[in-house]
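This is what each chain is made of:
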Amino acid sequence: MAQSGHDDHDHEAAVHNGGGPGSIGNRLNWLRAGVLGANDGIVSVAGIVIGVAGATADRTTILVSGVAGLVAGAFSMAGGEYTSVSTQRDTEASLVEAEKRELDERPEAAEAELATSLQDRGLSEKTARNAARELSSRNPLRAHAVVEYGLDPDELTNPWQAALSSFLAFTCGALLPLLAITLLPHGIRVIGCAVAVIAALALTGFTSAKLGGAPRGKAMLRVMSVGAATMAATYLIGSAFDVATA
């Protein structure tokens, strides 16, 4: 009985280790994508508003430019994410459909293929055969999709969810430089916005590095440097027009 329980645990582990959209790793990827989307929003809109602030001190002009950049960037990010994830979903759906056809037309060959995949994951040949037989008697399509492709047929990637997440992440990030440069007094507007942006980028760099298991110091320095270079370049370009008003 103890051996049977151990085998059942191995069977379930072999399937769940396949990953899939509901896995912890997938959720971390979504979170990391959200952090990177917010980072894009911060840098993009900071570059726009500081560049415009270099050309004019008119608060309305700066605000309109920043809002336009926020809206355009958010929709662009969402559209790109929707297109990309739709393509990914189509690929996932075609793989699941192909697996379904194989199960309908060649069930024994499909079961043998599943056993081989389980054996490649570390199960013994006998255990892999038993696991493949048991899994195939329960939900063969899900078993094959999870083990062979890391997909759950009931939880394919959602392009609308990806687009909305990207839209919201970019917008949240973009609001920081937009609010900072429009709410601060004229005398400290640019420097105050720059400081807020650098601090926010340090946080996004730290968070993305922590989620990805990368060195945090290097990640923070990298995103802060990119943000600082972007703001410096756009401010210099804006200042070259020299149309500032009181």
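A brief report on the enclosed structure follows.

Parameters and conventions
- Every residue gets a number counted from 1 within its own chain, in the order that chain's sequence is written.
- Thresholds applied to this predicted model are a pLDDT of at least 70 for local features of residues and 80 or more for the giving and counting of side-chain atom pairs; totals over whole chains, interfaces and linings are not thresholded and use all residues.
- Side-chain calculation: all heavy atoms of the structure are included, whereas hydrogens and water are not.
- Grouping into patches uses exposed residues only, defined as over 30% relative accessible area, and leaves out salt-bridged ones; the cut-off is 9 Å for like charges and 5 Å for nonpolar side chains (Val, Leu, Ile, Met, Phe, Trp, Tyr).
- In short, Shrake-Rupley with a 1.4 Å probe defines the accessible areas, and a residue's cover is counted only from the protein chains shown.
- Think of a salt bridge as a Lys or Arg side-chain nitrogen and an Asp or Glu carboxyl oxygen that are within 4 Å of each other.
- Going along the chain from the N terminus, every DSSP run of H or I of four or more residues is numbered as a helix, and every run of E of two or more is numbered as a strand.
- Each residue is assigned to one of three classes by its accessible area relative to the maximum for its type, calculated with a 1.4 Å probe on protein chains only: buried under 20%, partly exposed between the two thresholds, exposed over 50%.
- Take the buried residues of types Ala, Val, Leu, Ile, Met, Phe, Trp, Tyr and Cys, join any two whose side-chain atoms come within 4.5 Å, and each joined set is a nonpolar core.
- Between two residues, a contact is recorded if the distance between any of their heavy atoms is within 4.5 Å.
- Here the expected span of a helix is defined as 1.5 Å times the quantity of residues minus one.
- In this context, the arc is that of the directions from the helix axis out to the C-beta atoms.

The next point concerns a nonpolar patch on the surface. Residues L63, V67, V71 and F75 make up a contiguous nonpolar surface patch of about 340 Å² in total accessible area. Among the structural elements, L63 can be located in helix α3 (residues 59-105). Residue class for L63 comes out partly exposed when judged on its relative accessible area of 37%.

Right, let's talk about the nonpolar core for a bit. Residues V45, V49, I50, I181, C193 and V197 are the most contacted members of the largest nonpolar core, which totals 23 residues. The set of elements that each furnish at least two residues to this core consists of α2 (24-55), α3, α7 (159-183), α8 (189-212) and α9 (216-241). When residues of this core are assigned to their parent elements, the largest contribution, eight residues, is made by α2. Ignoring anything within four residues of it in the chain, the contact list for I50 reads I181, V190, C193, A194, M231, T234 and Y235. Counting 10 residues, the second largest nonpolar core, distinct from the first, contains L114, L118, A128 and A132.

Attention shifts here to helix α4 (residues 107-120). The terminal C-alpha atoms of α4 lie 20 Å apart, and with 14 residues this matches the ideal 20 Å at 1.5 Å per residue to within 8%. Buried within α4 are the following residues: A110, L114, A115, S117 and L118. The buried residues of α4 occupy one face: seen down the axis, they fall within an arc of 160°. What points out from α4, more than 90 degrees from its buried face, is the exposed set E108 and D120. A positive backbone phi angle near 120° is found at G122, which sits one or two residues after α4.

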